[in-house]
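Chain residues, written in single-letter form:
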Amino acid sequence: MFLINFMQVVKKNIFGNLMVYSLAHFLIDATCAAVIFNLYFTQKVNSSTLFLLVILYNLLAFGFQPFIGLLTDKYKCPRESAVIGSILVGLSAIFVLFSPIISIILAGIGNAFFHIGGGTITLNLDNRKATMPGIFVAPGALGLFVGTLIGKIGNFSALPFVICLLVACFLMYIIKTPKIDYDTSKTNTNYLELILLLLLLTIALRSIVGLAIIFPWKSTLSLLVALTFGVVLGKALGGYLGDKFGWKRVAIISLLVSAPLLFFGVNYPLLGILGMFLFNMTMPITLVAISNTLPGRPGFAFGLTCLALEIGAIFTFTSLKSTLSNNFVILAMVLISTVVIYFGLNYYNKANKK
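I will try to describe carefully the structure that is included in this document. (Residues numbered from 1 in each chain as written. Predicted model: local features only at pLDDT ≥ 70, side-chain atom pairs only at ≥ 80, totals over all residues. Heavy atoms only, no water.)

### Things to note about the overall build of the chain
Broken down by element type, the chain carries 17 helices and zero strands. For the chain, the C-alpha radius of gyration of 19 Å lies close to 20 Å, the compact-globule estimate for 354 residues. Taken along the three principal axes of its C-alpha coordinates, the chain extends 50 × 45 × 35 Å. Expressed as a percentage of the 354 residues in the chain, the buried residues total 55%. Relative to all contacts within the chain whose residues are 6 or more apart in sequence, the contacts with residues 24 or more apart total 84%. (Helix = DSSP H or I, 4+ residues; strand = E, 2+ residues; numbered from the N terminus. Rg over C-alpha atoms; globule rule 2.2 N^0.38 Å. Buried < 20%, exposed > 50% of the residue type's maximum accessible area, 1.4 Å probe, protein only. Contact = heavy atoms within 4.5 Å.)

Here it is in structure tokens:
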């Protein structure tokens, strides 16, 4: 009886959509991380090969998203995109036992398909607001953490991941998809290119900081867990607080306060964790601002934000990483990001007459 009632709630409730796709997001990122790190820690590939596979994965998982977003918007099939992505990621967990390269390709493409589908749906749960997209994206960081731990253990089994992903596919299939707005005629061309440029630059800078910053105390598991939850909560609460108190106000204050905390957080875990919590609060705000700037193209908009993340990440895979990891460089990038997002949201508000 409980299961029947649960299914009815999931099929009808808007929060059911949020719950299903958020949990699926956790599973997708956990599976991908487990697959990647299992390849190395079970010595299926060496460190040099793993480095190349990680780059390939990132290019497929993030750089490929705008193209998938265009297709998903054109054929209006976000649920199908999310389901296809989940199936491909499940297959990647199976192929990790046979072919590392095929496994990585499946994981990357599957991750991209899922994010576009799930992102499109959550962007339309409460139109033009950042709360629900923030909650959707937040579990990804937790999934990466859990999946990395599982992969490092080395005792990887595809079966639990495949079963969980199949259950997620079933729930996505039976749930009633919200009405998706594909009306592009609402596009306001005022400051359009400038808004997109500034907000995407903010996302790229956030990606660089998040990947380049070094906290020596992360080697302590309990502190690493706390840091991960700080990132998760920052993304989850950023959208809600932005909707409640104003996107620009929350974004500027959170970034300005995070700057000194991240600078001194190298030596003081509490400051670093609080700094990362505040620093990640802008994530859902920039996502939804870009989506609102490109009405009727939610998949493409979501994909653009992930492409910006990938562009920022590329710098941390080069010899520049040691320079980017410098505390003063991190501080400068956070402050530059604050200025950039200020003007980005200022022009966004002007275009939308806020």
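### Concerning a nonpolar patch on the surface
Taken together, the side chains of I87, L91, I94, L97 and F98 present a nonpolar region at the surface, about 470 Å² in accessible area. Within the fold, L91 resides in helix α5 (residues 78–95). (Patch = residues over 30% accessible without salt bridge, like charges linked within 9 Å, V, L, I, M, F, W, Y side chains within 5 Å. Areas by Shrake-Rupley, 256 points an atom, 1.4 Å probe, with all protein chains shown as cover. Salt bridge = Lys/Arg side-chain N within 4 Å of Asp/Glu carboxyl O.)

### What to know about the environment of A351
Mapping A351 onto the fold places it in helix α17 (residues 327–351). With relative accessibility at 8%, the residue A351 sits in the buried group. Ignoring anything within four residues of it in the chain, the contact list for A351 reads N188, N190, Y191 and I195.

### What to know about the pattern of salt bridges
One pass over the full model with this rule turns up one salt bridge. Here D181 and K186 are joined by a salt bridge, their closest N and O atoms 3.1 Å apart. A relative accessible area of 21% places D181 in the partly exposed class.

### A look at the packing of α5 against helix α9 (residues 158–174)
As a packed pair, α5 and α9 sit with axes 9 Å apart at the nearest point and diverge in direction by 170°. With respect to α9, the axis of α5 lies roughly antiparallel. Facing α5, whose interface residues are R79, A82, V83, S86, I87, V89, G90, A93 and I94, α9 presents A158, V162, L165, C169, M172 and Y173. Of the residues assigned to the contact of α5 with α9, the class counts are 12 nonpolar, two polar and one charged. (Axes fitted to C-alpha atoms, helices over the stretch in contact; angles between N-to-C directions. Parallel < 35°, antiparallel > 145°, perpendicular 65-115°, else oblique. Nonpolar A, V, L, I, M, F, W, Y, C, P; charged D, E, K, R; others polar.)

### Some points on unusual backbone geometry
Phi at K76 is positive, roughly 55°, even though this residue is not glycine. Structurally, the position occupied by K76 is in the loop between α4 (65–75) and α5. Phi angles above zero are rare outside glycine, and Y191 is one such case at about 60°.

### Some details on the packing of helix α14 (residues 283–293) against helix α15 (residues 298–315)
Between α14 and α15, whose axes approach to 9 Å, the crossing angle comes to 140°. The angle between the axes of α14 and α15 places the two elements in the oblique class. Of the two possible hands of crossing, α14 and α15 adopt the one that is right-handed. On the side of α14, the interface is formed by L287, I290 and S291, while α15 contributes P298, A301, F302 and T305. Grouping the constituent residues of the contact of α14 with α15 by class yields five nonpolar, two polar and no charged. (Left-handed = near helix turned anticlockwise from the far one by under 90°.)

### Considerations on the packing of aromatic side chains
In this structure the tally under the stated criterion is 10 aromatic pairs. Ring geometry for F64 versus F67: centroids 6.3 Å apart, planes at 45°, classification tilted. For F64, a relative accessible area of 32% corresponds to the partly exposed category. Look at F67 and you get exposed, because its relative accessible area is 52%. Pairing Y342 with F343 gives two aromatic rings, centres 5.2 Å apart and planes at 85°, and the pair type is edge-to-face. Note on Y342: relative accessible area 34%, which makes it partly exposed. Exposure remark for F343: the relative accessible area of 38% places this residue in the partly exposed category. (Phe/Tyr/Trp six-rings, centres within 6.5 Å; stacked < 30°, edge-to-face > 60°.)

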